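The lines below spell out each chain.
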Amino acid sequence: MTTTAVTHIASLVTNDPSLGNGTPLGLIHDAAVVIDGDRIVWTGESSKAPATDNVLDAAGRAVIPGFVDSHSHLVFAGDRTEEFNARMSGQPYRAGGIRTTVAATRAASDDDLSANVARYLAEALRQGTTTFETKSGYGLTVEDEARALRIAGRHTDEVTYLGAHIVSPDYADDPAGYVDLVTGPMLDACAPHARWIDVFCEQGAFDGDQARAILTAGRAKGLHPRVHANQLSYGPGVLLAVELDAASADHCTHLTDADVDALAQGNTVATLLPGAEFSTRAEWPDARRLLDAGATVALSTDCNPGSSFTSSVPFCIALAVRDMGMTPDEAVWAATAGGAAALRRTDVGRITPGARADLVLLDAPSHVHLAYRPGVPLVSAVWRRGERVV
């Protein structure tokens, strides 16, 4: 294997305070990074970089870890343009719109679904995302949910079983029967193809008792919980997530003091998804409240065809800084190390010796430009597993 040094980095975000200036970002100025194979083997001041086979001069630009997008829904067909247009014309967002995507997804071929996943992941990669989580949830039959997970697994190793997205239209008059399906034959078919189990715990989807049954059944099959929690209303999702040691409670828009305290004291990451609030004109999550309480916060895109059809983590960073009370430093940390924490990963989301060599070179001198210059394509180069892919 050959070694490569990226030198003369104006500002390097390591996410390791011991390597840099003592802040959570672990900033090193006039820095260098050395890649050997698929791993980082050295970081430090550029003038002290060891000799390598290849050298790339960053020419005074910033380098950050690859973004870790820990919440997306990419196995789908069609889009919901008409729904979005209606919502922007005054109609409220409701969970039931998912049924439109379910019909289109069931009708699509495996090849078409796989091509869609590949296209959206490539789109995200060009914007600096190097680690992806994606879910099922648009099939809602045993066969279609298992198919979605097999397709997702061709493209990413972070795969989530979300048979409990909504009650299937086929079980509209028998929600209890659908929960039995999700926790029985569907789980049996899907568990071998997933790492995680998720549930939409919300009015119009699944209540607290149903969510508990689904997550407990999944855990018994070796899947670790995640929860769509407290997006549209106050509810039991966050407290249930913390109680069951879910890796992440996602959305976290409507929180009581007890919810915030639980997230601050537990191991569950609060994953905020500002693309959803942007696309639904909903109330913004209060990131400042969570951060000040000591909760771990992640930022993700929630890329899906209904409520957040964006694959751009930089866009979500800009929204979080502008409308959710985060500083630029906090938002970048949340979109990298925070996302890694939401996936319980230690090998991504940081630029430290031993970490996977996932780096983003920005056409800017500082990571702050991600929020300072919203909408501008600042990603100049991307390395994933040590290979330059953009």
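As a reminder, the structure under discussion sits directly above these lines.
Below, the structure is looked at part by part. (Residues numbered from 1 in each chain as written. Predicted model: local features only at pLDDT ≥ 70, side-chain atom pairs only at ≥ 80, totals over all residues. Heavy atoms only, no water.)

Take the overall build of the chain next. When helices and strands are tallied, the chain shows 14 helices and 17 strands. In terms of principal-axis extent, the alpha carbons of the chain reach across some 70 × 45 × 45 Å. Buried positions account for 57% of the 390 residues belonging to the chain. Summing over all exposed atoms, the chain offers an accessible surface of approximately 14,500 Å²; the carbon and sulfur share of this is 50%. Within the chain, the 48 negative side-chain charges are centred at a point lying 3 Å from the centre of the 31 positive side-chain charges. (Helix = DSSP H or I, 4+ residues; strand = E, 2+ residues; numbered from the N terminus. Buried < 20%, exposed > 50% of the residue type's maximum accessible area, 1.4 Å probe, protein only. Areas by Shrake-Rupley, 256 points an atom, 1.4 Å probe, with all protein chains shown as cover. Lys, Arg positive; Asp, Glu negative; His and termini not counted. Charge placed at Lys NZ, Arg CZ, Asp CG, Glu CD.)

One pass over the structure, following the stated rule, counts zero disulfides. With no disulfide of its own, cysteine 252 lies 12 Å from the sulfur of cysteine 201, the closest cysteine sulfur. According to the relative accessible area criterion, cysteine 252 is buried, its value standing at 1%. (Disulfide = S-S within 2.5 Å.)

This next bit is on the packing of aromatic side chains. All told, the structure shown has seven aromatic pairs when counted by the stated rule. Measuring from ring centre to ring centre gives 6.3 Å for phenylalanine 76 and tyrosine 138, while their planes differ by 75°; the resulting arrangement is edge-to-face. Linking phenylalanine 76 in the loop between β6 (67-69) and α1 (81-88) with tyrosine 138 in the loop between β7 (129-135) and α4 (142-153), this pair joins segments that are 62 residues apart in sequence. Phenylalanine 76 gets classed as buried once you look at its relative accessible area, which sits at 0%. Through a chain of ring-to-ring contacts, three or more aromatic side chains come together here, namely Phe76, Tyr120, Tyr138 and Phe309. Cation over ring: arginine 388 sits above tryptophan 383, and NZ or CZ is 5.5 Å from the ring centre. (Phe/Tyr/Trp six-rings, centres within 6.5 Å; stacked < 30°, edge-to-face > 60°. Lys NZ or Arg CZ within 6 Å of the ring centre and 35° of its normal.)

Let us now look at the pattern of salt bridges. Scanning the entire structure with this criterion turns up 21 salt bridges. When the shortest N-O distance is used, the salt bridge between aspartate 144 and arginine 147 registers 3.4 Å. Taken as a pair, aspartate 144 and arginine 147 lie in helix α4 at a separation of three residues, close to a single helical turn. In this structure arginine 147 comes out as buried when scored by relative accessible area, which is 9%. Each of the salt bridges in this network shares a partner with another, and the network as a whole consists of Asp157, Glu158, Arg195, Arg345 and Asp347. (Salt bridge = Lys/Arg side-chain N within 4 Å of Asp/Glu carboxyl O.)

The biggest cluster of nonpolar side chains holds 88 residues, and the ones touching the most others in it are Tyr161, Phe206, Leu263, Leu290, Leu299 and Ile317. With six residues, helix α3 (residues 110-125) is the single largest residue contributor to this core. (Core = buried A, V, L, I, M, F, W, Y, C linked by side-chain atoms within 4.5 Å.)

Its place among the elements puts glutamate 387 in strand β17 (residues 387-388). On the basis of relative accessible area, glutamate 387 is assigned to the exposed category, the value being 53%. Once the C-alpha coordinates of glutamate 387 and aspartate 358 are considered, the two residues, 29 residues apart in sequence, prove to be 8.5 Å apart.

Moving on, we come to the side chain of glutamine 231. As for its position among the elements, glutamine 231 is in the loop between β11 (227-229) and α8 (237-243). One polar contact links glutamine 231 to histidine 251, side chain to side chain, over a distance of 3.4 Å. The contact partners of glutamine 231, leaving out residues within four places of it in the chain, are Tyr93, Phe200, Glu202, His251, Thr253, His254 and Ala276. (Polar contact = N/O pair within 3.5 Å; in protein donor to acceptor, adjacent residues only side chain to side chain. Contact = heavy atoms within 4.5 Å.)

Between its terminal C-alpha atoms helix α13 (residues 328-342) stretches 19 Å, which fits the 21 Å expected from 15 residues at 1.5 Å a residue. In α13, a bend of some 40° at alanine 334 exceeds every other bend along the element. Of all the positions in α13, only Ala331, Val332, Ala334, Ala335, Thr336, Ala337, Gly338, Gly339, Ala340 and Ala342 are classed as buried. Arginine 344 lies just past α13 and shows a positive phi near 50°. (Expected span 1.5 Å × (residues − 1). Bend = angle between axes of the 7 residues up to and from the residue.)

Looking now at α4. Three or four residues apart is the spacing at which side chains of an α-helix point the same way, because the helix has 3.6 residues per turn. With twelve residues, α4 extends 17 Å between its outermost C-alpha atoms, agreeing within 8% with the 16 Å of an ideal straight helix rising 1.5 Å per residue. Tucked inside the fold, the buried residues of α4 contact α2 (98-107), α3, β7, β8 (158-164) and α6 (185-190).

With that settled, consider the pairing of strand β2 (residues 28-36). The pairing of strand β1 (residues 3-12) with β2 spans seven bridges and is antiparallel. Note on β2: the bridge partner recorded for alanine 5 is valine 34. Two strands pair when backbone bridges link them, and β2 and strand β3 (residues 39-45) are joined in this way by six bridges, in the antiparallel orientation. Residue pairing across strands places alanine 31 opposite glutamate 45, the latter belonging to β3. What sits between the antiparallel neighbours β2 and β3 is a turn of two residues, in which glycine 37 has the positive phi angle 65°. (Pairing = 2+ DSSP bridges.)

Moving on: the side chain of glutamate 277. Along the chain, glutamate 277 turns up in helix α10 (residues 274-280). For the buried glutamate 277, which has no salt bridge, the nearest side chain bearing the opposite charge is arginine 87, at an N-O separation of 11 Å. Side-chain polar atoms of glutamate 277 contact the side chain of threonine 253, separated by 3.1 Å. Residues contacting glutamate 277, with those up to four places away along its chain left out, are Thr253, Ala282, Glu283, Trp284 and Pro285.

All quantities given are derived from atomic positions and should not be read as evidence of function.
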